[in-house]
Amino acid sequence: MIEIKELTKRYEDGVLALDHVSYGVQPGEIFCLLGANGAGKTTTINILLDFIPPTSGMASINGHDCNKFPLEAKKYVSYVSENVQLYGMFTARQNLAFFAELAGKKGLKKKDYDDVMRTVGLPEKALSMRLKNFSKGMRQKLGIAIALLKDPPAILMDEPTSGLDPTSAQEFLEQLRRLRERGKAILMTTHDIFRAKIIADRVGIMKQGRLVAIRQRQDFKHADLEEIYMREMQAAETAS
Amino acid sequence: MIRQIIYKEIIENLLGLRFALSVFLTLCLFAVCGYVFMINHQEQMRDYWRKTNENLSALREQSSVLYQVAFYKQGIYRKPQPLAICAEGEEKALPNFYEVNTFTTELPITKGQANFALPQFSSVDWGLIISLILSFAALVFTYDSFCGEKEAGTLRLMLANTIPRYEVLLGKYAGTMITLAIPMMIGMLVSLIIIIPSKDVAIDAGEWLKILVLILVSLLYLSIFVLLGLFVSSRTGHSANSMAILLLVWVMSVILLPSLCRIVFDVTCEEPTEQELQRRLKESRNEIWDNSARYGKNAGSMSNNLSDPMNNPPARARLQNAVVDVTNQLLQEHHNKWLEQALARRNFACLSPAVIYQRTCEAIGGTGINRCADLYKQVKRYGIDLKEFIRSTDLEDPQSLHLIGPEHNMAKSWRAISHNPVDFDSVPKFQERTMTIGQSLKLAIWDVGLLMLINLGLFAVAFVSFLRYDVR
Amino acid sequence: MIWKIAKKEFLLNLMTFKFAVGAIACVLLTVVFMPILAADYRQRLKMYNKNVVDNETELRNVIVYRNVKHTIYRPPVVLSAFSAGLEKQLAGSAKIELEKVPELSVTERGGNPYLPILAVFDESLIFKIIISILALLVAYDVVSGEREQGTLRLMLSDPIARHQVLLGKLVAGLITLSVPVAITFVIGLVVILSYPMVALSGSDWIRIGLMFIASLAFTVVMFQFGLLFSCLAKRSSISMVLGLFIWIVFAIVIPNASVQLATQFRPFESQETQNGRMASLKEDLSNELRTEMDNVKELFSKSIITSDKRDAFGGYYAKRRDIYWLNAEQKLNNLTIPIKLKYADKFWDVEHRYLNGFFRQKHLAHRLALISPISTYENAMAVLAGTDLAGFQDFINQVREHRNEVVEYIRSKTDDFSSASFFAICTEKESTEFTRLYVQKQEAKDEQAKAKAEQALKEWERANPAKAAPLNLQDFPWFKYRQSFARDIRAAVPDLATLLVMNVILFAIYFTAFGRYDVR
């Protein structure tokens, strides 16, 4: 569903943000992208969403090249951003409605909104609350709700659990499981090794723009993911 | 898709503090403008009719003798226009009084309306509210259109969908235009509601059409600032920077540039002086009188007794007409220089869109410099018509010498012009012809084109700029 | 502690984009404006010098006292480059004549009526518009911005009192904004002093110093407004919108509205009423004059011959008069000039009262506009520069005094207007002789006698040529304009005090507001 092939990105100031990275995310799979800050995780997502063009290589969603046919590719993906303010003067319902309409979803009824709020774990009365009165966790959940309403085959998430309390994070992981069951391909960037260990089907470790390791779930079910992470990072250090 | 953006923009604007303050300010200003205009207009109309009627009744008295009609100096006043509420165009300081008789039209003068001890501002008319207040509001609404949404992260969310960037731009543009149009239209409505019941203000169909055109031109002008705001907000990532730049640009183009251009013009160009005119008039008159023999024997002398052999009426008439012709010519030249200077100064100041807009409003509303100049032309035309009337009526009198000349003694003692009474109703009276909508549009067409050009230019740069905007 | 905060704020401010944009705009605009303003001043100064020299030359050519009708010009004020006031709007000249007391003219401007004078252009425009916006931009996020960034919480988690934080920010704002104000002043002065004809006296420098202080006071008022909104709003965008709203109200709405309202509430009398009053006075004058002229008609009936020649200022002097005409005119002058002088005062009274209507309108507009610190500041600058209405009134008062001196001078030189030197160059003796010879010629019985009489007349004329010598103006009370320094300073005090009061009130309000500010 999500295909990254020899993706390279060099910025104007010479910084190599991605170095021939290749991997794919299949439907029904959660792929966690781990790495330090500046490793290239967010750059990958920015290229998938056509916010910046790649220097070489290809990124595609459902077979559509994100850079050549971005509007086609965007039909099949939704985006959960980190730390999003949303429209403060609008209520939750208005925010949901606006992004749903942009996503092409017409004729949504009250039931759909109630359902999605329940799914993400927000109380229904929050629908009529203005966003500026939401707490950080509630905003995070609403971000996921926005992505859910679009109901696309692929979902991109950028640091979705950062700043969430353990209960909310747990609920969030439940969300992800349900989405996986419905056959979504999920690409998630995160620092949170703990949660990545719990939920990921595959884990990609990025360091300085290169994908230094990909591990399957079996590989880290028994071993400590953190250990593997640190080891791989050091190995990459010595290799370069 | 674009419709969603438009709705979102409008509702988001409506819910904010900016809209409430803008509506409050614009409504207050439009209301005050309407009220002040209504009161002033009533007074001015009353004044105008009184003075015009006085003029007419004095003319009627003169019509007992034809030559007196020729010599009576009529005082024509400029009629107050109802569309001055839209674009008064500094009419308070512009000439409003024209003296005319059959032979000469004096230079226009401004009679007693201005107080030069006051700081000079243009009056609070629609043009001022729109060109200053609403253009400022346009910037306040759009300064954070892109950079603000970028800071809030919602721009990323929007563009993660299949909506192309240009639709986002168009959606924001349309949304902001509609948001701005609301206070403008409500304000205009309030103004009109205040002035229409007043019986002195009569707005006919042609003028309604002009008001409609003015509304469209105003929207065109405001669109410049909306596009400017969108452009600048798509060049920077911080809304504070965007606001700083936009404020600077607004201040420069709307407030500083017009004044700067005017004073540069004043410093570099010489004004034709009164002394110069008087000197040339005296020179020309002396030249004619010194060469009076050119016009015939004894043209330079006159005795009141017609049968005196010294008198040569045709020659003297030629002489006097030559004097008045050269006077008229010099006055016309002087007037043209005045007009050229005023128009050139304003054209120079047209680097500022606010001045272009004002010029357009004046052209459409039929006010301002062009109207005064046109009125002067009409008054001169009337003088000529009056002369024609005198000539044709005079021909009916066999006793008169049929020598139409500006010397009063000639007409009185020699019967150069008929002494018969004339029917007052047949005397042509001055009627000001206001410009039709077609003429107004023709005058304004270049400015409207200029405004559209600026809009297109700004749209193009905003388009390109947003297409390359870094939304991360 | 306050200084630490102030220092941090100051450095932060200097590094912001908006400050850089504002400061650069100030500098660039000053560099563009000042040369134009200086060129304009130079033009006006040239015109003034030319007028003064022309007038003096012509005055020195006057032959009889009747034609002392020179014009007094008001010198252009150097500091009008900083604050133009009414400098370009009111006529700066007045004619000295017996029949009229000089007065300002506020309804007529002369010149091209199609060229209306619009908003004034001077250096203070930069302060009123650019620096006031800069002050608001610097101030609007001083508190609310720090709250949004989270640094306010950080600061207040240290042992520092709230009022110390606020004072630190206030001091920083003052120092930050005094930089562009000072730079603008300095550059403006440098540019204008680089022009050779500009000379600043000691009192001018004091005026400039006070104008600098006024500008600082004004900038602080705008800064404190921004600070106030910052302490009231939780989000910076709200305080910015409030700041912009108040700016547009102060800069555009109130100045325009105050002028409009003043014209509504204190309309001046129509010119027709005034013309009517003047006309009736003129009639009274001509009636009185006619009475006097009737008295002298007897004497004039005997007059024989006169020859006049052109004099300065468009007047005439009598070259040769017969004794009867001479005496008659002397008596006429003695009787009518005092009447004309009396009526000049009456005319002036009426005119002055009429003008007061205009002045009252202006004062009302000024008082209404005091709500806006921008208007208050503009007025203070105009007063300090000497270009406000009171400056013009002072000038015209001095011109009036000068006229009185001239009238007294003429009176003393012409023996209360009854001497022949008032209007003629021939003395009584000459006139008598001339009359005798002329009558002799007229009454000659035959050709021979006529020729002899003509010969005698010609010889006499050759021996006594008409000496048209200009007046000896050694003790003439020449006009010297003295700009009143103390008066201007005194007049500026109310406006400066208003700015000060605004500062204090704003401080009090936002001080309490910050005390209750939610910093989370």
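Thresholds applied
- Residues numbered from 1 in each chain as written.
- Chains lettered and ligands numbered in written order.
- Predicted model: local features only at pLDDT ≥ 70, side-chain atom pairs only at ≥ 80, totals over all residues.
- Contact = placed C-beta atoms within 7 Å.
- Helix = DSSP H or I, 4+ residues; strand = E, 2+ residues; numbered from the N terminus.
- Nonpolar A, V, L, I, M, F, W, Y, C, P; charged D, E, K, R; others polar.
- Domains from an automatic or database assignment.
- Axes fitted to C-alpha atoms, helices over the stretch in contact; angles between N-to-C directions.
- Parallel < 35°, antiparallel > 145°, perpendicular 65-115°, else oblique.
- Left-handed = near helix turned anticlockwise from the far one by under 90°.
- Pairing = 2+ DSSP bridges.

On to the interface of chain A and chain B, then. Contact residues are listed per partner, giving 23 residues for chain A and 19 residues for chain B. For the side of chain A that touches chain B, the secondary structure elements donating two or more residues are helix 2 (70-74), strand 6 (77-80) and helix 3 (92-102) of chain A. If one sorts the elements of the side of chain A that touches chain B by residue count, helix 3 of chain A sits on top with four residues. The residue makeup of the side of chain A that touches chain B, split by class, is 14 nonpolar, six polar and three charged.

All names here are of chain A. Segmenting chain A into domains produces domain 1 (2-76 + 153-239) and domain 2 (84-151). When each unit is reduced to the centre of its C-alpha atoms, the spacing between domain 1 and domain 2 is 25 Å. Each side of the interface is counted separately: domain 1 has eight residues, and domain 2 has seven residues. When residues of the side of domain 1 that touches domain 2 are assigned to their parent elements, the largest contribution, three residues, is made by helix 6 (residues 166-181). Grouping the constituent residues of the side of domain 1 that touches domain 2 by class yields three nonpolar, three polar and two charged.

This next bit is on the packing of helix 9 (residues 239-268) of chain B against helix 3 (residues 124-139) of chain C. In contact at an axis separation of 11 Å, helix 9 of chain B and helix 3 of chain C are set at 165 degrees when each is read in the N-to-C sense. Considering the angle they form, helix 9 of chain B stands roughly antiparallel to helix 3 of chain C. As for how helix 9 of chain B packs across helix 3 of chain C, the hand of that crossing is right-handed. Of helix 3 of chain C, the residues touching helix 9 of chain B (which contributes B:Ala244, B:Leu247, B:Val251, B:Ile255 and B:Leu256) are C:Leu125, C:Ile129, C:Ile130, C:Ile133 and C:Leu137. In terms of residue class, the contact of helix 9 of chain B with helix 3 of chain C is built from 10 nonpolar, no polar and no charged.

For the rest of this paragraph, the subject is the interface of chain B and chain C. Bring the parts together and some accessible area is lost; that lost area is often taken as the interface size. Of the residues lining the interface, 55 residues belong to chain B; the matching set on chain C comes to 53 residues. Looking at the side of chain B that touches chain C, the elements with two or more residues in it are helix 2 (17-62), helix 4 (126-142), helix 9, helix 11 (313-348) and helix 13 (368-395) of chain B. Classifying every residue of the side of chain B that touches chain C gives 39 nonpolar, nine polar and seven charged.

Before going further, it helps to examine the packing of helix 12 (residues 353-365) of chain B against helix 15 (residues 437-467) of chain B. All names here are of chain B. Closest axis-to-axis distance for the helix 12/helix 15 pair is 8 Å, and the angle between their directions is 155 degrees. By the angle between their directions, the pair helix 12 and helix 15 is classed as roughly antiparallel. The way helix 12 lies across helix 15 gives a crossing that is left-handed. Contacts between helix 12 and helix 15 pair Pro353, Ile356, Arg359, Thr360, Ala363 and Ile364 from the former with Ser440, Leu443, Ala444, Asp447, Val448, Leu450, Leu451 and Ile454 from the latter. The class makeup of the residues in the contact of helix 12 with helix 15 is 10 nonpolar, two polar and two charged.

Residue and element names in this part refer to chain A. The six strands lie next to each other as 6-7-8-3-9-10, forming an open sheet whose pairing is mixed. Two strands bound the open sheet, and with one partner strand each, they are strand 6 and strand 10 (210-216). Going from strand to strand, the sheet's axes swing by 20 degrees on average, the running direction of each strand aside. The pairing of strand 3 (residues 29-35) with strand 8 (residues 185-190) spans six bridges and is classified as parallel.

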